Amino acid sequence: MKNTFQQIIKNSVLIILIAFCLSAQASINAGEFKEELLQKYMQNYSDKNQIASLKTETLKHGGKSVEALIEVMKNGKYPDKNRWVATFLLGQIMGQKSAPFLAKFLQHPNWIMRMASLKTLLALNQKEYGVHYANLLSDESFIVRSQALENIRSLQLTKLAPHVWAMLYDKKNYYQPTLNGKEFKTKRSNLIRNVILAVGDLKFQEAKDPLFKMIQKDRYNDIFSEMDLSLGKITGQKSPDSDHKTKRIFWQRVALSNTTIN
């Protein structure tokens, strides 16, 4: 009986030692893999095939790559292009669980990381970060503002429509052409066109009356098509397939029919 008990003890100790060794070896292997992957993310790739290979290898290891991806995203010593890739791949590997971590990068000082976070959160269909998207509509980066607008439009965050409309009054969304030091009339950027389209997609009723007035004026001819499309979506009516004059008459009549007489 005593020998049997001693044998059980020996076997138990042996099992524990084997388990410990296996765990230690796994930890070493994981550490080695992380360092190898980080070395690859440290390189500046100019070839698309090399980037594709990096993505494939990262995805192949799935969850084992997560720790390295987080390190790349957080550390500015890695090339911006690779940090961009790491952001997308983290979202792809972790899915919805990555959203809270990704959202932290919406306030990152590097515009590339703000942009990458916005695009990844959009791909993950994340609607709960709307307040952050709205804040980025006034971002210093034109590209970030554009992507924040796209997030709101694509995710149909209708409650944020007033923030989108306010972009029409932000001077950052306009530019002033110059020639030989001479300044010309301020121009609307392409972002303004997208703003007009977005308020239509969001069916922002408060934009209806201002658009009725704007579409009648020649100085808004550069965004005429966008106003026409948006008014159609907001009112549920389609203007005739004709010239500006005919369309203006149509919208004038619609505006009058929407006027409440006290």
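Residues numbered from 1 in each chain as written. Predicted model: local features only at pLDDT ≥ 70, side-chain atom pairs only at ≥ 80, totals over all residues. Heavy atoms only, no water.

Here the focus is the overall build of the protein. Looking only at helices and strands, the protein has 13 helices and 4 strands in total. Sorting the 262 residues of the protein into buried and exposed places 40% on the buried side. Contacts in the protein between residues far apart in sequence, at least 24 positions, make up 60% of those at least 6 positions apart. When the accessible surface of the protein is summed, it comes to about 15900 Å², and 55% of that surface belongs to carbon and sulfur atoms. (Helix = DSSP H or I, 4+ residues; strand = E, 2+ residues; numbered from the N terminus. Buried < 20%, exposed > 50% of the residue type's maximum accessible area, 1.4 Å probe, protein only. Contact = heavy atoms within 4.5 Å. Areas by Shrake-Rupley, 256 points an atom, 1.4 Å probe, with all protein chains shown as cover.)

Following the criterion strictly, the structure yields 12 salt bridges and no others. In this structure, the salt-bridge partner of E67 is K34, at a minimum N-O distance of 3.1 Å. Here the residue E67 occupies a position in helix α3 (residues 66–74), and K34 occupies one in helix α1 (residues 2–41), the gap between them amounting to 33 residues. Between K238 and D241 there is a salt bridge; the shortest N-O distance is 2.8 Å. Among the residues examined, K238 registers a relative accessible area of 61% and is labelled exposed. In this structure D241 comes out as exposed when scored by relative accessible area, which is 73%. Within this structure, E150, R153, D201 and K233 form a network of salt bridges that share partners. (Salt bridge = Lys/Arg side-chain N within 4 Å of Asp/Glu carboxyl O.)

Let us now look at the nonpolar core. One finds Y41, Y133, V164, W165 and L211 to be the most contacted residues of the largest nonpolar core, which totals 67 residues. Among the elements that take part in this core, helix α10 (residues 190–201) stands out by supplying 6 residues, more than any other. (Core = buried A, V, L, I, M, F, W, Y, C linked by side-chain atoms within 4.5 Å.)

Along the chain, the position of L202 falls in the loop between α10 and α11 (208–214). The class for L202 is buried, based on a relative accessible area of 4%. Not counting the four nearest positions on each side in its chain, L202 is found in contact with I152, R153, Q156, L157, T158, A161 and V164.

The next point concerns a nonpolar patch on the surface. Taken together, the side chains of W111, F142 and I143 present a nonpolar region at the surface, about 260 Å² in accessible area. Residue position: W111 is located in helix α6 (residues 111–123). Classification of W111 by relative accessible area gives partly exposed; the value is 36%. (Patch = residues over 30% accessible without salt bridge, like charges linked within 9 Å, V, L, I, M, F, W, Y side chains within 5 Å.)

Right, let's get into the environment of F88. Looking at the secondary structure, you find F88 in helix α4 (residues 80–94). Classification of F88 as partly exposed rests on a relative accessible area of 26%. Measuring from C-alpha to C-alpha, the distance between F88 and S117 comes to 7.9 Å, with 29 residues separating the pair along the chain. Contacts of F88, omitting those with residues within four sequence positions, involve A116, K119 and T120.

Structurally, the position occupied by D201 is in helix α10. Of the residues examined, D201 reaches a relative accessible area of 16% and is grouped as buried.

Once that is clear, we can look at the confidence of the model for the protein. Chain-level statistics for the protein give a pLDDT mean of 90 and a share of 87% at 70 or above. Taken together, the stretch residues 20–28 has pLDDT below 50 and engages in 0 contacts with residues farther than four places along the chain or on a different chain. (pLDDT = per-residue confidence, 0-100.)

This part takes up unusual backbone geometry. If a residue is not glycine, its phi is most likely negative; likewise, a peptide bond is most likely trans. You will see that N125, though not glycine, has its phi angle at about 60°, which is positive. Summarising the element assignment, N125 is placed in the loop between α6 and α7 (130–135). For N125, a relative accessible area of 48% gives the class partly exposed. In this structure, Q156 takes a positive phi of about 55° despite not being glycine. Considering the arrangement of structural elements, one finds Q156 in the loop between α8 (142–154) and α9 (161–165). Relative accessible area serves as the criterion here: at 40%, Q156 is assigned to the partly exposed category.

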